[in-house]
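The lines below spell out each chain.
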Amino acid sequence: MQKRPDSSAAEAFRRLATRPLGPGGPGKTPRTGRRGLSDPDPPDRPWRDGDAMNPCPTRRADPTALVVRSAPAVPTAAVLLLHGGRADGPEPPPALNLPALRMRPFAAAVTRAVRGRGVLIAEVRYRHRGWNGARADAARDAEAALGRLREQAGPVPVVLIGHSMGGRAALRAAGDPAVRGVVALAPWCPADEPVAHLGGRRLYLLHDETDRVTSARQSWEFVRRAREAGADAAGIPMPTGGHSMLRGADLWHRRAAELTAALLSHG
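These numbers come from a predicted model, not from an experiment.

Some details on the overall build of the chain
Then step 1. Helix and strand content of the chain: 7 helices and 7 strands.
Then step 2. Element order for the chain, N to C, with α for helix and β for strand: α-β-β-α-α-β-α-β-α-β-β-α-β-α.
Then step 3. Looking at the chain as a whole, 58% of its 267 residues are labelled buried.
Then step 4. With an accessible surface of roughly 10900 Å², the chain has 52% of that area assigned to carbon and sulfur atoms.

Printed below as a string of structure tokens:
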């Protein structure tokens, strides 16, 4: 869930998003009523038959579900990133997608943190702009992406990193057997969000308590309920950043990358 950034915030998004990856390298929001912004990246080619590094050359990824950003010849693990969105938005996302661009520095930080460990880095591509009530479109797309990832890379352990609506989608999809843990950034955690499927999962919810778009208090309550359901869950207060995570961005990137690397290190 994201409010529309002003021009200076938009420029900051673009600056962060254009940093190189290195080697290998809501309608209305639930709290404020401000319009959200959730748009996937401009089209990016998925694996195709004949690609030299395609880990599964007889299959083709669904471009509406999964975009692989970098992959070793034989992945041993995977990280899947999910960007933010709207509460309501059944229309296809437009081409310009600042929330998806905002996740690029997280992808870069994770790539550096897991270099040499055979980790595939990919993004979920949404078919719709919003969550859309009981349809839970973003969660369905996350589940479809996990299926495509399994086809391409096999049954490797997966860490999900999601921001805002993407955090909610990651937590909802975390019941998949491949998911080892979730790093949720300023996630959207309504009071009735289910937790029964999270037993045995490691969850880290990062939130700045001054966030005016999604509620840190609801994140901490989600952590409490997830623990009762058997999850190893932790709430991590962030000192700054608001919802866009622009102030103190380097700390957000570094902490998310460190937590992801730690999750992949656990057996």
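Having put the structure on the table, let's press on.
So, the packing of helix H3 (residues 104-113) against helix H7 (residues 249-265)
Then step 1. Packing of H3 against H7 brings their axes to within 8 Å, and their N-to-C directions diverge by 45 degrees. Relative to H7, the element H3 is oriented oblique. The two elements H3 and H7 cross, and the hand of that crossing is right-handed. Of H7, the residues touching H3 (which contributes Pro105, Phe106, Ala109, Val110 and Ala113) are Trp252, His253, Ala256, Ala257, Thr260 and Ala261.
Then step 2. For the contact of H3 with H7, a count of residues per class yields 9 nonpolar, 2 polar and no charged.

A closer look at the pattern of salt bridges
Then step 1. For the structure shown, the criterion picks out 12 salt bridges.
Then step 2. Notably, a salt bridge pairs Arg135 with Asp137, separated by 2.7 Å at the nearest N-O pair.
Then step 3. Looking at Arg135, the relative accessible area reads 39%, which means it is partly exposed.
Then step 4. Using a relative accessible area of 5% as the deciding quantity, one classes Asp137 as buried.
Then step 5. A single network of salt bridges, built from pairs that share partners, joins Arg69, Arg104 and Glu123.

Concerning unusual backbone geometry
Then step 1. Of note in this structure, Ala136 is not a glycine but carries a positive phi near 45 degrees.
Then step 2. Within the fold, Ala136 resides in the loop between strand S3 (119-124) and helix H4 (137-153).
Then step 3. Unlike most non-glycine residues, Ala186 shows phi in positive territory, near 45 degrees.
Then step 4. Relative to the assigned elements, Ala186 resides in the loop between strand S5 (179-185) and strand S6 (202-208).

Let's talk about the pairing of S3
Then step 1. Of all 6 residues in S3, 6 are buried, a share of seventy percent or more.
Then step 2. Relative to S3, strand S1 (residues 66-70) runs antiparallel, the two being bridged by 4 bridges. Within the sheet, the bridge partner assigned to Val67 lies in S3 and is Glu123.

Some words on H7
An α-helical segment advances 3.6 residues per turn. Residues three or four places apart therefore align on the same side.
Then step 1. Compared with an ideal rise of 1.5 Å per residue, which puts 17 residues at 24 Å, H7 spans 24 Å between its outermost C-alpha atoms and is within 8% of the ideal.
Then step 2. Listing the buried residues of H7 in full gives Ala249, Trp252, His253, Ala256, Ala257, Leu259, Thr260, Ala261, Leu263 and Leu264.

Some remarks on the nonpolar core
Then step 1. Of all hydrophobic cores here, the largest spans 44 residues; its most connected members are Leu80, Leu160, Val182, Leu203 and Phe222.
Then step 2. If you tally residues by element for this core, the top one is H4, at 7 residues.
Then step 3. For Leu80, the contacting residues outside a window of four places in its chain are Leu66, Ala122, Glu123, Val124, Ala145, Leu146, Val158, Val159, Leu160 and Ile161.
Then step 4. The next biggest cluster of nonpolar side chains, apart from the first, holds 27 residues, and it includes Ala77, Ala107, Met245 and Ala256.

What about the sheet that holds S3?
Each strand in a sheet pairs with its neighbour through backbone hydrogen bonds, running either in the same direction (parallel) or in the opposite one (antiparallel).
Then step 1. Pairing within the open sheet is mixed, and its 7 strands lie in the order S1-S3-S2-S4-S5-S6-S7. Each of the sheet's edge strands pairs with one partner strand only, and the pair in question is S1 and strand S7 (232-238). Within the sheet, the average angular offset between the axes of one strand and its neighbour, ignoring direction, is 20 degrees.
Then step 2. As paired strands, strand S4 (residues 158-163) and S5 are joined by 6 bridges and run parallel to one another. Looking at S5, one finds that Ile161 is bridged to Val183.

As for the packing of H4 against helix H5 (residues 165-173)
Then step 1. Contact geometry for H4 and H5: axes closest at 8 Å, N-to-C directions at 55 degrees. Considering the angle they form, H4 stands oblique to H5. The crossing of H4 and H5 is right-handed. Contacts between H4 and H5 involve Ala138, Ala139, Ala142, Glu143 and Leu146 from the first element and Met165, Ala169, Arg172 and Ala173 from the second.
Then step 2. Residue composition of the contact of H4 with H5, by class: 7 nonpolar, no polar and 2 charged.

Considering the side chain of Glu123
Then step 1. Along the chain, Glu123 turns up in strand S3.
Then step 2. On the accessibility criterion, Glu123 (9% relative accessible area) is buried.

So, how was this worked out
- Residues numbered from 1 in each chain as written.
- Predicted model: local features only at pLDDT ≥ 70, side-chain atom pairs only at ≥ 80, totals over all residues.
- Heavy atoms only, no water.
- Helix = DSSP H or I, 4+ residues; strand = E, 2+ residues; numbered from the N terminus.
- Buried < 20%, exposed > 50% of the residue type's maximum accessible area, 1.4 Å probe, protein only.
- Areas by Shrake-Rupley, 256 points an atom, 1.4 Å probe, with all protein chains shown as cover.
- Axes fitted to C-alpha atoms, helices over the stretch in contact; angles between N-to-C directions.
- Parallel < 35°, antiparallel > 145°, perpendicular 65-115°, else oblique.
- Left-handed = near helix turned anticlockwise from the far one by under 90°.
- Contact = heavy atoms within 4.5 Å.
- Nonpolar A, V, L, I, M, F, W, Y, C, P; charged D, E, K, R; others polar.
- Salt bridge = Lys/Arg side-chain N within 4 Å of Asp/Glu carboxyl O.
- Pairing = 2+ DSSP bridges.
- Expected span 1.5 Å × (residues − 1).
- Core = buried A, V, L, I, M, F, W, Y, C linked by side-chain atoms within 4.5 Å.

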